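# Structural overview for review
If you want the building blocks of each chain, they are given just below.
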Amino acid sequence: MTYTPKSNPPPPGPGLPILPAVPAQTAPPARHPGSAPAPPELPAGPRRTAFAEGLDRLRSAATTEPGRLRVIGALLALLVIAFGAVAAWQMTGRAAAADDVLTRSQPLSSDAADIYRSLADANTAASSGFLAGGQESATTRERYERDIRTAAEKLVNAAANADPHSPSTATIAELNRLLPEYKGLVERARTYNRQGFPVGGAYLRYANEKMQQQMLPAAEDLYKKENQRLRADYAGATPYPWAAIALGVAALAALAWAQHRNYRRTNRVLNHGLVAATATATVVLLWLVVGHTVARAGFNDSYDHGVRSLNVLHDARIASLKARGNENLTLVARGAETKKVGETTYDAYDYDFGSDIKALAAHLAAAEKLADDASGERPVTAAVGNMTEWKKRHAAAREQDENGNYQQALDRVIGTKGATGECFDSVDENLRTAIAHEETEFKRAADDGRGALTGLPAGAAVLAVLGAAGAVLGIGRRLSEYR
């Protein structure tokens, strides 16, 4: 009997996978002999630069809110830092110019005026001593020597503070060369005069010519150069820092816009980081504007009521010294030097005396107008009275000299009582007092102006860094909400 074989059922579970049928592959067309070769494949395009890829990423990131916040935060930080950097840079330059006004240019301008005054006064003392002949007083001799020492010391100080290879340096070197030559001529004039030789007068006139035509013009040129330097330092210390102010306003506007944007998108009134950045930028801007305004006012006051008055007073003192020197030389020369003006011939030194007295009167009138308090006006008014009396006594002395009374004229010029020398000494002393007062006024106003800039450059830089950090932290706080 035949039995049909039985098999066990297949185990449960998925069956064996069925492999997909592989489609038939089309064979490449057969190349016929003599046909053209296939064209080569085109190479891939040039590889893009990292900058271009970064720009694309930045552009794609800016389409999302977190990307926009990152861009805003970076721009805010950059703007605040730029504001602080420009403010620090500009105020550093103005503070340096202010320091130069106080410690370099104004003192050097005053020293240059003292050089001129000392040289002119030495020339006056030399002529006064010559008129006294062998009876030259110890006071006159000491005054001459003191003026020569003062001029030499001031020249050394000016040389130490002048810029190398500057025109001032060349002028100082020229004065240092001429000073011993002048002193040698005066000593020869004094020696021959004591011996009674008339050639002493010729040596004194030659020394005066060297002083009037070479030394005093060089000293005046040095004085003008130092005044120009002083004005340049003022011009560097007083202009408003407009670039820093503009950046500060832009930074505050950008911070206000960022906070307004934040409020519109989140309905949150304050963002602590942005508020801190706004506060620091506001402090820097106010400090910058107010501090510089106060400093500018102080420096303008020091110039209007200090430097201008000092310049006029120095010019007045120099005019009085020149007038006194020419008055003495009128008696020394005894008509040997003449000057023709139109059809009239004048004694050269007496004619110059009249010009110097007119200049003195003009400078004293200007000084009275510039004096802003009683302490500054009082000595100037006294000097005007001394000058008026001086002119009267000089006219009386000239009358005696023209009438042939030389000794009486001499007594009215260098005598111990009722002489023009008393008037000159009073004018010089009152002008010295006025100059000392104006120098005090200058230093007070300039110190106030310089004090207003103290700490401003460093403070602006530090606060700007803090403000930039606040802006970054404020934006970072918003970015954390997206994580």
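Residues numbered from 1 in each chain as written. Predicted model: local features only at pLDDT ≥ 70, side-chain atom pairs only at ≥ 80, totals over all residues. Heavy atoms only, no water.

This part covers the overall build of the protein. The number of helices and strands found in the protein is 12 helices and 2 strands. Each helix and strand of the protein, ordered N terminal to C terminal, gives the series α-α-α-α-α-α-α-β-β-α-α-α-α-α. Looking at the protein as a whole, 42% of its 483 residues are labelled buried. A total accessible area of about 26300 Å² is found for the protein, and carbon and sulfur atoms account for 58% of it. (Helix = DSSP H or I, 4+ residues; strand = E, 2+ residues; numbered from the N terminus. Buried < 20%, exposed > 50% of the residue type's maximum accessible area, 1.4 Å probe, protein only. Areas by Shrake-Rupley, 256 points an atom, 1.4 Å probe, with all protein chains shown as cover.)

On the surface, Val289, Val290 and Val294 cluster together to form a nonpolar patch covering roughly 220 Å² of accessible area. Tracing the backbone shows Val289 in helix α7 (residues 272–333). Given the relative accessible area of 30%, Val289 is considered partly exposed. (Patch = residues over 30% accessible without salt bridge, like charges linked within 9 Å, V, L, I, M, F, W, Y side chains within 5 Å. Salt bridge = Lys/Arg side-chain N within 4 Å of Asp/Glu carboxyl O.)

At a minimum axis separation of 7 Å, helix α9 (residues 374–402) and helix α10 (residues 406–414) run at an interaxial angle of 165°. It follows from the interaxial angle that α9 and α10 lie roughly antiparallel. Of the two possible hands of crossing, α9 and α10 adopt the one that is left-handed. Across the interface between the two elements, Ala396, Ala397, Gln400 and Asp401 of α9 pack against Tyr406, Gln408, Ala409, Arg412 and Val413 of α10. Within the contact of α9 with α10, the residues separate by chemical class into 5 nonpolar, 2 polar and 2 charged. (Axes fitted to C-alpha atoms, helices over the stretch in contact; angles between N-to-C directions. Parallel < 35°, antiparallel > 145°, perpendicular 65-115°, else oblique. Left-handed = near helix turned anticlockwise from the far one by under 90°. Contact = heavy atoms within 4.5 Å. Nonpolar A, V, L, I, M, F, W, Y, C, P; charged D, E, K, R; others polar.)

Turning our attention to the packing of aromatic side chains. By the definition in use, this model includes 7 aromatic pairs. Ring centres of Tyr234 and Tyr303 lie 5.1 Å apart, and the angle between their planes is 75°; on these two criteria the pair is classed as edge-to-face. Taken together, the residues span a long stretch of sequence, with Tyr234 in helix α5 (residues 199–237) and Tyr303 in helix α7 at a distance of 69 residues. Classification of Tyr303 by relative accessible area gives partly exposed; the value is 22%. Grouping aromatic residues by their ring pairs yields a cluster made of Tyr192, Phe197 and Tyr203. Its guanidinium or amino end placed over the ring of Tyr144, Arg190 lies 5.3 Å from that ring's centre, counting from NZ or CZ. (Phe/Tyr/Trp six-rings, centres within 6.5 Å; stacked < 30°, edge-to-face > 60°. Lys NZ or Arg CZ within 6 Å of the ring centre and 35° of its normal.)

Per the counting criterion, the structure on display carries 27 salt bridges. Here Arg432 makes a salt bridge to Glu429, at a shortest N to O gap of 2.6 Å. Placement of both Arg432 and Glu429 in helix α11 (residues 420–451) is noted, with a separation of 3 residues, approximately one turn of the helix. We classify Arg432 as partly exposed; its relative accessible area is 39%. Taking relative accessible area as the criterion, Glu429 reaches 39% and is therefore assigned partly exposed.

With respect to the secondary-structure elements, Arg450 resides in helix α11. Excluding residues within four positions of it along the chain, Arg450 makes contact with Ala95, Ala98, Asp99, Leu102 and Phe299.

Quick look at the nonpolar core now. With 67 residues, the main nonpolar core has Leu119, Tyr182, Leu360 and Trp390 as its most contacted residues. Ranked by the residues each element gives to this core, the list is headed by α7, at 12 residues. If near-sequence neighbours (up to four positions away) are discounted, Trp390 is found in contact with Ser320, Ala323, Arg324, Glu327, Phe353, Ile357, Leu360, Thr420, Cys423, Phe424 and Val427. If you look at the next biggest cluster of nonpolar residues, it comprises 38 residues, including Ala98, Ala251, Val307 and Leu456. (Core = buried A, V, L, I, M, F, W, Y, C linked by side-chain atoms within 4.5 Å.)

Here helix α4 (residues 167–194) spans 41 Å end to end across 28 residues, near enough to the 40 Å set by a 1.5 Å rise per residue. When we look at burial in α4, the residues that qualify are Ser168, Thr171, Ile172, Leu175, Leu178, Leu179, Tyr182, Leu185, Val186, Ala189, Arg190 and Asn193. Of the residues trailing α4, Gly196 is marked for its positive phi of about 85°. (Expected span 1.5 Å × (residues − 1).)

Per-residue pLDDT for the protein averages 83, and the proportion of residues at 70 or more is 86%. Model confidence for the protein, summarised as mean pLDDT per element, is weakest for helix α1 (residues 50–61) at 69 and strongest for α9 at 91. Overall, residues 1–5 carries pLDDT values under 50, and its contacts beyond four positions in sequence, including any with other chains, amount to 0 contacts. (pLDDT = per-residue confidence, 0-100.)

Okay, the packing of α4 against α5 next. In a packed pair of helices, the relevant descriptors are the angle between the two axes and the axis-to-axis distance. Between α4 and α5, the least distance of the axes is 9 Å, while the angle of their chain directions is 160°. In terms of axis orientation, α4 runs roughly antiparallel to α5. Crossing handedness for the pair α4 and α5: left-handed. Within the contact of α4 with α5, the residues separate by chemical class into 20 nonpolar, 5 polar and 6 charged.

The next subject is the pairing of strand β2 (residues 344–347). Examined bridge by bridge, strand β1 (residues 338–341) and β2 share 4 bridges and lie antiparallel to one another. Bridging across to β2, Thr338 finds its partner in Asp347. Hairpin connection between β1 and β2: a loop of 2 residues separates the two successive antiparallel strands, and Gly342 in this loop has a positive phi of roughly 70°. (Pairing = 2+ DSSP bridges.)

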